[in-house]
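Here are the chains, one letter per residue:
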Amino acid sequence: MFNEVIEVINSCATFLITAHVRPDGDALGSELAIYHALRGMGKNAVVYNQDQTPDVYGFLPGSENIIHSMDSVNGFDAVFVLDCSDIKRVGNEADRIGSIDKIISIDHHVSGGTFSEILLVDPSASSTGEIVHRLLNRMGIAITADIATNIYTAILTDTGSFRYSNTGIDTFRVAADLMGKGADCRYIAENIYETRPVIQIRLMGKALDTMEFYEGGRVGSIYVTQEMLRREGALPEHTEGFVDIVRSIQGVEIAVCYYEVSRNRFKISLRSKGTVDVEKIAGKLGGGGHVNASACRVEGSIKAVKGKVLGAIRAVCSTL
Ligand code: 5GP
Ligand code: MN
């Protein structure tokens, strides 16, 4: 698998690099690590994301060069599609990006990345960034401080700061290697976790006011509507992490955050503790992700959407 990817990298000159809509730290860190590595090899590389980079990730080296619109995909020999279980996850440009001659998929989702034959997929990896680190090592590419900062961020954010069960022994080995190569763990943590705009905390307060419990407190949920965002002057990216607060409550095994993307369209983030498999729940509703962190999109009134999600939870977790 590595060999096919390395062969494409060596034989091509101009690369597009992309990841999923609403990019997170793993998507951005993995994209930018590959961007710096390819440029270091003297290749041409462009990073495209449909959605803007959330402010918290503005410190990532190279993030200022990410583009959000493309006239044409002609001229790209190959594209890296990162952290996407399905190519549709790149958004509106999925079809055009899918028409590029060579597609390299690097992913760590449960049922992920298999839309291309040139792929590095390992659901046991903490993050796509950890797989990118393996690839660069295989290729003998020197990890610069810029690359190290990006991959460290990918790992830190996708493991919830090394707390989730996707954190393996290798995750710490890679993190240690990256610190040795110039990733400043304090600087990175401060940028990601200690630069929240006060608007976000106000929105969090409003979201926590909507908290509800089901199944004797084993399921907890909150919601965020467009109206709440508008009233607080907040952005969609400010809802990042809200669902984790619900999971942090004693007794909660499944945490749900309903986010109203637009009228009667909701994105639902699911988190679990222990062995509850929220990937199965999201899967029933057309989404996916990981055992303890998944998401899906459902249309309908908030009442109808809540009913569907609770139905899927009860169907998957017959013991709840
Ligand atoms: P989050 O709730 O943080 O947005 O997403 C949790 C996990 O679910 C992430 O691993 C993410 O990649 C995955 N995910 C988010 N949205 C979707 C979706 O619409 N479809 C699928 N298949 N996975 C998603
Ligand atoms: Mn990821």
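Draft legend 1. Expanded view of the domain arrangement of the chain. Looking at the chain, the domain boundaries give domain 1 (2-193) and domain 2 (198-316). On a C-alpha basis, the centroid separation for the pair domain 1 and domain 2 is 26 Å. Counting residues at the interface gives 10 residues for domain 1, matched by 13 residues for domain 2. Carbon and sulfur atoms supply 42% of the area that domain 1 and domain 2 bury against each other, a total of about 930 Å² over both sides. Looking only at domain 1, the three residues that lose the most surface to domain 2 are Arg22, Val110 and Tyr164, adding up to 50% of its buried area. Taken together, the links from domain 1 to domain 2 amount to 0 salt bridges. Remark: the boundary between domain 1 and domain 2 carries 6 residue pairs in polar contact (both at pLDDT 80 or more). Among the residues making up the side of domain 1 that touches domain 2, the classes are represented as 3 nonpolar, 4 polar and 3 charged.

Draft legend 2. Inspection of helix H12 (residues 302-316) at higher detail. For H12, built from 15 residues, the straight-helix expectation of 21 Å at 1.5 Å per residue is met to within 8% by its first-to-last C-alpha distance of 21 Å. Buried residues of H12: Val305, Lys306, Val309, Leu310, Ala312 and Ile313, and no others. Axial view of H12: buried residues confined to an arc of 155°, hence all on one face. Residues of H12 that are buried make contact with strand S6 (212-214), strand S7 (219-224), strand S8 (254-262), strand S9 (265-272), helix H11 (278-284) and strand S11 (293-299).

Draft legend 3. Broad picture of the sheet that holds strand S2 (residues 44-48). Taken together, the 5 strands give an open sheet; going across it, the order is S2-S1-S3-S4-S5, and neighbouring strands pair in parallel fashion. With partners counted over all chains shown, the strands left at the sheet margins are S2 and strand S5 (118-121), one partner each. Strand-to-strand twist across the sheet, computed as the mean angle between neighbouring axes with direction ignored, equals 15°. Pairing of strand S1 (residues 14-19) with S2 involves 5 bridges; the strand directions are parallel. Among the inter-strand pairings, phenylalanine 15 is bridged to a residue of S2, identified as alanine 45. This element, helix H4 (residues 128-139), spans strand S3 (78-82), strand S4 (102-107) and S5 of the sheet and lies at about 120° to S4.

Rules behind the numbers
Residues numbered from 1 in each chain as written. Chains lettered and ligands numbered in written order. Predicted model: local features only at pLDDT ≥ 70, side-chain atom pairs only at ≥ 80, totals over all residues. Heavy atoms only, no water. Domains from an automatic or database assignment. Contact = heavy atoms within 4.5 Å. Buried area = accessible area lost by both parts, 1.4 Å probe. Salt bridge = Lys/Arg side-chain N within 4 Å of Asp/Glu carboxyl O. Polar contact = N/O pair within 3.5 Å; in protein donor to acceptor, adjacent residues only side chain to side chain. Nonpolar A, V, L, I, M, F, W, Y, C, P; charged D, E, K, R; others polar. Helix = DSSP H or I, 4+ residues; strand = E, 2+ residues; numbered from the N terminus. Expected span 1.5 Å × (residues − 1). Buried < 20%, exposed > 50% of the residue type's maximum accessible area, 1.4 Å probe, protein only. Arc of directions from axis to C-beta. Pairing = 2+ DSSP bridges. Axes fitted to C-alpha atoms, helices over the stretch in contact; angles between N-to-C directions.

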